Amino acid sequence: MKVMVETSARHLHVTQEDLETLFGKGAVLSHKKDLSQPGQFATNEKVEVVGPKGSLKMSILGPVRPETQVEVALTDARKLGINPPIRESGDLAGTPGCKLIGPAGEVEITHGVIAAKRHIHFNPEEAQQAGVTDKQIVSVKLDYNGRSLVFGDVVCRVSPKYALAMHIDTDESNAAGLPGTVDGEIIL
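The following refers to the structure shown.

A separate point is the pairing of strand 13 (residues 149-158). Examined bridge by bridge, strand 11 (residues 119-122) and strand 13 share 4 bridges and lie parallel to one another. Of the residues in strand 13, the one forming a bridge with Phe122 is Val158. The pairing of strand 12 (residues 137-142) with strand 13 spans 5 bridges and is antiparallel. Across the sheet, residue Ile137 finds its bridge partner in strand 13, namely Val155. Remark: 6 residues form the turn of the hairpin made by strand 12 and strand 13, two consecutive strands paired antiparallel; Asn145 in that turn has positive phi of roughly 55°.

You can see Leu188 is positioned in the segment after strand 15 (182-187). Between the C-alpha atom of Leu188 and that of Asp76, which follows or precedes it by 112 residues, the distance is 31 Å. Each residue touching Leu188, except ones within four places of it in the same chain, is listed here: Ala130, Gly131, Val132, Gln136 and Val138.

Further remarks concern the pattern of salt bridges. According to the stated counting rule, one finds 6 salt bridges in the structure shown. For the salt bridge of Lys99 with Glu106, the shortest nitrogen-to-oxygen distance reads 3.6 Å. Using a relative accessible area of 28% as the deciding quantity, one classes Lys99 as partly exposed. Accessibility expressed as a relative area gives 47% for Glu106, which makes it partly exposed. Two residues, Glu172 and Arg118, come together in a salt bridge whose shortest N-O distance is 2.8 Å. One end of the pair, Glu172, is in helix 4 (residues 170-175); the other, Arg118, is in the loop between strand 10 (113-116) and strand 11, with 54 residues separating them in the sequence. Take Glu172 and Arg118: they sit in the same class, and that class is buried. Within this structure, Glu88, Lys135 and Arg157 form a network of salt bridges that share partners.

On the surface, Lys32, Lys33, Lys46 and Lys57 cluster together into a positively charged patch. By the element assignment, Lys46 lies in strand 4 (residues 41-50). With relative accessibility at 41%, the residue Lys46 sits in the partly exposed group.

Counting residues in hydrophobic clusters, the biggest one holds 22 residues, and the most contacted among them are Leu12, Val49, Met58, Val70, Cys98 and Leu100. Sorting the residues of this core by element identifies helix 1 (16-23), strand 4, strand 5 (55-62), helix 2 (74-80), strand 8 (98-101) and strand 9 (106-109) as the ones contributing at least two each. Ignoring anything within four residues of it in the chain, the contact list for Met58 reads Arg10, His11, Leu12, Glu45, Lys46, Val47, Val49, Val70, Val72 and Leu80.

What counts, and at which threshold
- Residues numbered from 1 in each chain as written.
- Predicted model: local features only at pLDDT ≥ 70, side-chain atom pairs only at ≥ 80, totals over all residues.
- Heavy atoms only, no water.
- Pairing = 2+ DSSP bridges.
- Helix = DSSP H or I, 4+ residues; strand = E, 2+ residues; numbered from the N terminus.
- Contact = heavy atoms within 4.5 Å.
- Salt bridge = Lys/Arg side-chain N within 4 Å of Asp/Glu carboxyl O.
- Buried < 20%, exposed > 50% of the residue type's maximum accessible area, 1.4 Å probe, protein only.
- Patch = residues over 30% accessible without salt bridge, like charges linked within 9 Å, V, L, I, M, F, W, Y side chains within 5 Å.
- Areas by Shrake-Rupley, 256 points an atom, 1.4 Å probe, with all protein chains shown as cover.
- Lys, Arg positive; Asp, Glu negative; His and termini not counted.
- Charge placed at Lys NZ, Arg CZ, Asp CG, Glu CD.
- Core = buried A, V, L, I, M, F, W, Y, C linked by side-chain atoms within 4.5 Å.

Here it is as structure tokens:
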């Protein structure tokens with residue numbers, strides 16, 4: 001089965017409380033563009049993410065979430081001086097924290113920095129067509145621009161809220177020489 005492979009650049013998700021601390025009371029995320037996952041969107045809001053060694057400007061993705069989370073590639077993590085585990089989004093227990101600086105204030109998160117585990121979003125019908133189940137691990141073959149590559153350890157995430165798309169970080173995208181969104185082949 002073919003799957004659209006997208007590069008997910010460094011970003012963060014914030015709670016409403018942290019959003020208001022960073023951007024002021026009553027702040028709301030402003031819609032910049034829709035993302036491939038239904039209801040998810042890039043925003044115009046950016047914050048400075050600060051670690052022990054450095055900082056990076058990062059975009060916030062919406063909508064707001066129950067817990068603030070920072071997703072970086074391992075190269076980004078080195079620049080920040082943070083050693084995040086490779087985890088699924090939302091699996092934040094025992095992860096390092098950082099400081100977030102916005103135009104109206106700062107937030108110190110005690111945990112929540114991860115390098116996102118490569119994954120494929122499926123709705124239940126798409127998962128059934130592909131013959132996969134939630135949390136199943138597969139591989140995905142990419143063959144683009146003379147840099148054929150097979151990504152292993154790709155977790156399948158199945159929910160009625162999802163649409164078929166694989167997400168990799170910028171380090172992984174660069175390793176495969178990808179110019180943007182491409183098609184990959186799921187290998188069971």
